[in-house]
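Fold and contact review
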Amino acid sequence: CDSLQRKKAVALYARAVSTALLLALPMPHWVGLPRATFPYILAIMVAMAFFAVGGGVLDAYTLDLLGDERRGEYGRYRLWLAVSWGIGNALMGWVADHLGFDYNFVVSGALNLLAIGLMGAALPSRTRGERRILQQRQLQQRQLQQRQLQ
């Protein structure tokens, strides 16, 4: 349960942290240090596991944005996610083969920053479901306060 009713803020924060962690993977090599060691990579991957934006957060946010009346359209969104995943993997393979593996981090970081910008600009700060839950909470608080005054 999202107790703060801030799915957008959670999604943006998690994507920003995971992007920073992703870009930190090739960082030692970029600043002239030897390649990253296994413990360094493991630590970053474990940290990224806590900020993975895939599945849960985005699915909940998408379903909340669609609302009950458009919930049937969810399959179309998931279809395009799968298509973009396939195309993205093929393109990242080409980048790795022709430009070098480190450029995958740059491309992925740039696309994540683009996603953060688009989500921040285009999506509402709270969905209808979140606003409804917050209104119910406010009503319950007012009722509780009125009972305490009596």
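Our subject is the structure listed above.
Bear in mind the structure is a predicted one, so any value in this text is a computation, not a measurement. (Residues numbered from 1 in each chain as written. Predicted model: local features only at pLDDT ≥ 70, side-chain atom pairs only at ≥ 80, totals over all residues. Heavy atoms only, no water.)

1. Some thoughts on helix 5 (residues 74–98)
Helix length check: helix 5 (25 residues) gives 36 Å between terminal C-alpha atoms against 36 Å at 1.5 Å per residue, within 8%. Among the residues trailing helix 5, glycine 100 stands out with phi positive, at a value near 115°. (Helix = DSSP H or I, 4+ residues; strand = E, 2+ residues; numbered from the N terminus. Expected span 1.5 Å × (residues − 1).)

2. Observations regarding the packing of aromatic side chains
Summed over all chains, the structure comprises 1 aromatic pair. Here the aromatic rings of phenylalanine 101 and phenylalanine 105 are separated by 5.5 Å at their centres, their planes lie at 85°, and the arrangement is edge-to-face. (Phe/Tyr/Trp six-rings, centres within 6.5 Å; stacked < 30°, edge-to-face > 60°.)

3. Regarding the packing of helix 5 against helix 6 (residues 102–122)
Between helix 5 and helix 6, whose axes approach to 8 Å, the crossing angle comes to 140°. Classified by the interaxial angle, the pair formed by helix 5 and helix 6 is oblique. When the axes of helix 5 and helix 6 are compared, the crossing they make is right-handed. Between helix 5 and helix 6, the contacting residues are Met92, Val95 and Ala96 on the first element and Tyr103, Asn104, Val107 and Ser108 on the second. Taken together, the residues that form the contact of helix 5 with helix 6 break down as 5 nonpolar, 2 polar and no charged. (Axes fitted to C-alpha atoms, helices over the stretch in contact; angles between N-to-C directions. Parallel < 35°, antiparallel > 145°, perpendicular 65-115°, else oblique. Left-handed = near helix turned anticlockwise from the far one by under 90°. Contact = heavy atoms within 4.5 Å. Nonpolar A, V, L, I, M, F, W, Y, C, P; charged D, E, K, R; others polar.)

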